[in-house]
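Here is how the chains run, residue by residue.
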Amino acid sequence: MSFWKLKNYVSIKRLVSRGESLVAMETLTEQVEESGQPPPPPQRNDVFLLGRWTCQLQQCLKFLKERILIFPRVITKNLFFVPKIEENLRNVERFCSQILLSPNCCREEGGLDKEECWNRFCELSLNYFRLRLYMVTVVFGEADVFDDRENLRFARSEYLRMFPKRSDGRGRSLEYLPLKAPSLDWFREGSSFGGSVFKILELSMSLLVEECVLKELDFYEIEDLGMGAGRLEKYAREDVELGSLEEKEAVVFCRELAASLLANAVEIERNFLRKQLAELQSAAGRRPNATNRPLETGVDYNS
Amino acid sequence: MDAATAAATAANNNLAREFFELGEAFAHSQTAFSSVRHQVKIFRGGEFDGVCFEIKEKYRALRSLSGERLEAAQVRKDLVKADKDLHLLLSDVASASLVNKQAGYDVAG
């Protein structure tokens, strides 16, 4: 018996116990049966975490965009990737509006249920990690982080898969991915179940650790980075059977690991930008004609 | 959909929306704290470490709240408390930095 029905039946029993007439009880029983079962109450903790983690995802995407605009100076060809990040940001905003519109299974209004919400969140997070992998290794040219050419090829192929070519041949866009209802496809697609997902998370984790070391970033705010690496390696090694309990566990593990990496990425990106800006400012300070004018990055940050 | 179901759905949606927004507010609060803590670290005064620790503990307590018994009013109350401490800390750090700067110390950051 659902909580709602149970609550109504308890009301009925109370009426009876208070000596109310049987007529009243029958009326209430009819009301419950006629009204049908209302939707279950929302999973509070899930919605709270979704809000928190989705916000972190947005921050990560914004930092990546800022990195293009700051690092190490504005390179015109890198600006080409700003719209790609904006496409991802738009998708996240659309996801937020779907949750805010009708977060409780109202499919007819375009809302998502709990599982769909989590699937969409994972899909969007993995898109961010795909984009980040490509940007850092290929675009920003920090490819020395990965000695293995296979990993570079992987980062490139994941990026190309994420942004299919436009039909008119003018570049690539996320918009050209077929619009599908959120499902476990984000996990099941790839050579083996979860295979590419685990690899994306594994490489992203390695990249974040490497960035901290190479750029001498401060670990002050960074927590739990590298946690779950053992389990990740295990899943990456072994095939997960479709629909099995192990698959369910692996999906939850992926989601939690992605959220943890997002939280770390926020701190690492911010520390990186601080360091970058400090270097730019000290370089500007060393210039003989240095003034208090803003940095000449060629970008209007107010626009 | 009858009136009772519609009302229950609307109530559920409002509750979910509230929790989603609380989650977002929590993430933003943590981000702001991280920035202030960076300034505290640069300031190196040590006098704000205790406050930082207390705020961090408040966030930890908020993170550990879980399950379906999570109450919006409680989360909001805890979040407001953490935000209040954070604003006070920010104000104190800004004052201390200005005083030090005036005294000629380099507290850039």
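Everything numeric here is computed off the predicted structure, so don't read it as measured data.

(A) Structural view of the overall build of chain B. In terms of regular secondary structure, chain B is built from three helices and zero strands. Listing every helix and strand of chain B by position from the N terminus yields α-α-α. In chain B, buried positions account for 38% of the 109 residues. Look at the contacts in chain B between residues 6 or more apart in sequence, and 74% of them connect residues 24 or more apart. Accessible area of chain B: about 6100 Å², with a carbon and sulfur share of 55%.

(B) The arrangement of the state of the cysteines in detail. Taken as a whole and assessed by the stated rule, the structure comprises zero disulfides over all chains. Cysteine Cys 212 of chain A is unpaired, with the sulfur of Cys 60 of chain A as its nearest cysteine sulfur at 13 Å.

(C) Layout of the packing of helix α3 (residues 44–70) of chain A against helix α1 (residues 3–43) of chain B. One way to put it is that α3 of chain A packs onto α1 of chain B with a least axis distance of 7 Å and a crossing angle of 45°. Compared by their axis directions, α3 of chain A and α1 of chain B come out oblique. Crossing angle aside, the handedness with which α3 of chain A passes α1 of chain B is right-handed. Where α3 of chain A approaches α1 of chain B, its residues Arg 44, Val 47, Phe 48, Leu 50, Gly 51, Arg 52, Thr 54, Cys 55, Gln 56, Gln 58 and Gln 59 of chain A are matched on the opposing element by Leu 15, Ala 16, Phe 19, Phe 20, Leu 22, Gly 23, Glu 24, Phe 26, Ala 27, His 28, Gln 30 and Thr 31 of chain B. The residue makeup of the contact of α3 of chain A with α1 of chain B, split by class, is eleven nonpolar, nine polar and three charged.

(D) Structural view of the packing of aromatic side chains. Residues and elements named next belong to chain A. Summed over all chains, the structure comprises 16 aromatic pairs over all chains. When the centroid spacing of 5.6 Å and the interplanar angle of 70° are considered together, the rings of Trp 186 and Phe 187 count as edge-to-face. The exposure class assigned to Trp 186 is buried, which follows from its relative accessible area of 7%. Taken together, the aromatic side chains of Phe 80, Phe 81, Tyr 134, Tyr 159 and Phe 163 make up a single cluster linked through ring pairs. Stacked on the ring of Phe 272, the Lys or Arg Arg 67 has its end atom at 3.9 Å from the ring centre.

(E) Region of interest: the confidence of the model for chain A. All names here are of chain A. In this model, chain A carries an average pLDDT of 74, and 69% of its residues clear a pLDDT of 70 or more. Per-residue pLDDT stays below 50 along residues 1–34; that stretch engages in 16 contacts with residues further than four places along the chain or on separate chains. Confidence drops under pLDDT 50 across residues 290–303; counting only partners more than four residues distant or on other chains, this segment forms eleven contacts.

About the cut-offs
Residues numbered from 1 in each chain as written. Chains lettered and ligands numbered in written order. Predicted model: local features only at pLDDT ≥ 70, side-chain atom pairs only at ≥ 80, totals over all residues. Heavy atoms only, no water. Helix = DSSP H or I, 4+ residues; strand = E, 2+ residues; numbered from the N terminus. Buried < 20%, exposed > 50% of the residue type's maximum accessible area, 1.4 Å probe, protein only. Contact = heavy atoms within 4.5 Å. Areas by Shrake-Rupley, 256 points an atom, 1.4 Å probe, with all protein chains shown as cover. Disulfide = S-S within 2.5 Å. Axes fitted to C-alpha atoms, helices over the stretch in contact; angles between N-to-C directions. Parallel < 35°, antiparallel > 145°, perpendicular 65-115°, else oblique. Left-handed = near helix turned anticlockwise from the far one by under 90°. Nonpolar A, V, L, I, M, F, W, Y, C, P; charged D, E, K, R; others polar. Phe/Tyr/Trp six-rings, centres within 6.5 Å; stacked < 30°, edge-to-face > 60°. Lys NZ or Arg CZ within 6 Å of the ring centre and 35° of its normal. pLDDT = per-residue confidence, 0-100.

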